[in-house]
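Structural features, examined
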Amino acid sequence: SGLSQEAGSVEQLSLHCAEGSLEWLYPTGALRLRLAPRLPPTSAAVKGGSPPHVTACIKPTGTFRGAQLYLEREGVLELLLPESPRPRARCFSWLPQEKVALFLQATPHPDISRRIAAFRYELRGDWLARPALPAASLGAEGACRPCNDTEILMAICTSDFVIRGSIRSVSNDAELQESIIGVSATRIHRQKFPLFQAAGRPGRPVGSIRTPLRCGVKPGPGTFLFTGWLHFGEAWLSCAPRYRDFQRIYEGAQRTRQNPCEFPVD
């Protein structure tokens, strides 16, 4: 609470958790948030590959008021969230040796009541290795290209969800620059959280998966293997090969003993 801060003071905090939220009541002065996630050993760079990056995503609540959020990188400030921003995520990445922090500065108001600066955050060490990221993330050029065989085989082993099913609908959100794919599941191979559940009456589980609007997803027939990641509680698409193509790729990898994990194929 800003009521416990001295006017003009800067409170220092550290964010270590992989994800969480911050709520600043009656903002006054500033908060400096050091980003120091505890990264798992798997986030280290592969020998001979590029250095490991850390990625953070920030998503303001719909009632974010009374402050502006800046990214502080090597002493230089960049505005991430103005006061009263759109409720969409902003993502950025950095190398572990870089000095990075978030600077949350209160905006001057004659009356500080009824103002709360609140946001959710996610800190990850391996997002740059993933084929697709949400629309506001890093401007990754590869977010819309089809996954290659290696990426598909890795996706079935490491994704937050692996769902076999068909596309029921596709709707577009122009404001958030996202497409929402309605999926009817014929088999749930894995889901870390109950993203896909049976509708009111007995039947196939249904759910939705998001992807950047610029990818131009269209509804089409056939069975797909949808894989992807959770991002602020929502499913985001990574790889989605047609199931018959996945069968061919997986069976070929089995013959050459190059499949990174066992997966039920029928």
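The structure we're discussing is the one just above.
Once a new chain begins, its residue numbering starts again from 1 and follows that chain's sequence as written. Local features in this predicted model are restricted to residues of pLDDT 70 or higher, and side-chain atom pairs are both shown and tallied only at a pLDDT of 80 or more, whereas totals for entire chains, interfaces and linings draw on every residue. For the side-chain quantities, the full set of heavy atoms in the structure was used; hydrogens and water were omitted.

Some details on the nonpolar core
To keep things clear, this is the line we draw: Nonpolar core, defined: a set of buried Ala, Val, Leu, Ile, Met, Phe, Trp, Tyr and Cys residues in which side-chain atoms within 4.5 Å join the residues together. When accessible area is computed with a 1.4 Å probe and restricted to protein chains, residues below 20% of their type maximum are described as buried, those above 50% as exposed, and intermediate ones as partly exposed. Note on contacts: a residue pair is in contact if any heavy atoms of the two residues lie within 4.5 Å.
The biggest cluster of nonpolar side chains holds 25 residues, and the ones touching the most others in it are Leu-35, Phe-92, Leu-102, Leu-104 and Phe-119. Leaving out residues up to four positions away in the same chain, Leu-102 has contacts with Leu-31, Arg-32, Leu-33, Leu-35, Ile-58, Leu-69, Tyr-70, Leu-71, Leu-80, Phe-92 and Phe-119. Formed by 14 residues, the second largest nonpolar core is a distinct cluster that contains Ile-152, Ala-155, Val-162 and Phe-246.

Description of the sheet that holds strand S4 (residues 54–60)
What counts is decided by this rule: The pairing criterion for strands is at least two bridges between them, as found by DSSP. Helical segments are the DSSP runs of H or I of at least four residues, strand segments are the runs of E of at least two, and each set is numbered from the N terminus. Throughout, an axis means a line fitted to C-alpha atoms (over the contacting stretch in the case of helices), and angles, computed between N-to-C directions, take values from 0 to 180 degrees.
Strand order in the open sheet formed by four strands is S2-S9-S4-S7, and the pairing between neighbours is antiparallel. In the strand order of this sheet, the two ends are held by strand S2 (19–25) and strand S7 (90–94), each with one partner. Adjacent strand axes in the sheet meet at a mean angle of 20°, parallel and antiparallel pairs treated alike. Bridge count between S4 and S7: five bridges; the pairing is antiparallel. Residue pairing across strands places Thr-55 opposite Ser-93, the latter belonging to S7.

Some thoughts on the state of the cysteines
To be explicit about the condition: By definition, disulfides here are pairs of cysteine sulfur atoms that lie within 2.5 Å.
Counted by the stated rule, this structure contains three disulfides. Covalent S-S linkage joins Cys-147 and Cys-239, the inter-sulfur distance amounting to 2.0 Å. Disulfide Cys-147-Cys-239: the torsion about the S-S bond is -90°, which places it as left-handed. A residue pair is termed long-range when its members are at least 10 positions apart, and Cys-147 in the loop between strand S9 (116–124) and helix H1 (149–158) and Cys-239 in the loop between strand S15 (234–237) and helix H2 (243–255) qualify at 92 residues. With respect to class, Cys-147 is no different from Cys-239; both count as buried.

Observations concerning the packing of aromatic side chains
What counts is decided by this rule: The pairing test for Phe, Tyr and Trp rings, Trp by its six-membered ring, is centres within 6.5 Å, and the orientation test on the planes gives stacked under 30 degrees, edge-to-face over 60, and tilted for anything in between. Two thresholds decide whether a charge sits over a ring: the Lys NZ or Arg CZ must be within 6 Å of the ring centre and within 35 degrees of the ring normal.
Taken as a whole, this structure holds seven aromatic pairs when the rule is applied. Aromatic side chains Phe-161 and Phe-196 sit 6.5 Å apart centroid to centroid with 50° between the ring planes, which places their arrangement in the tilted category. Residue Phe-161 is located in strand S10 (residues 161–173), and its partner Phe-196 is located in the loop between strand S11 (178–191) and strand S12 (197–198); the two are separated by 35 residues in the primary sequence. Grouping residues by exposure puts Phe-161 and Phe-196 together as buried. An angle of 40° between the planes, with centres 5.8 Å apart, marks the rings of Phe-224 and Phe-226 as tilted. Since its relative accessible area comes to 11%, Phe-224 is described here as buried. Each residue in the set Tyr-243, Phe-246, Tyr-250 and Phe-263 is aromatic and connected to the rest through ring pairs, giving one cluster. Residue placement shows Arg-164 over the ring face of Tyr-243; its charged tip is 4.1 Å from the ring centre.

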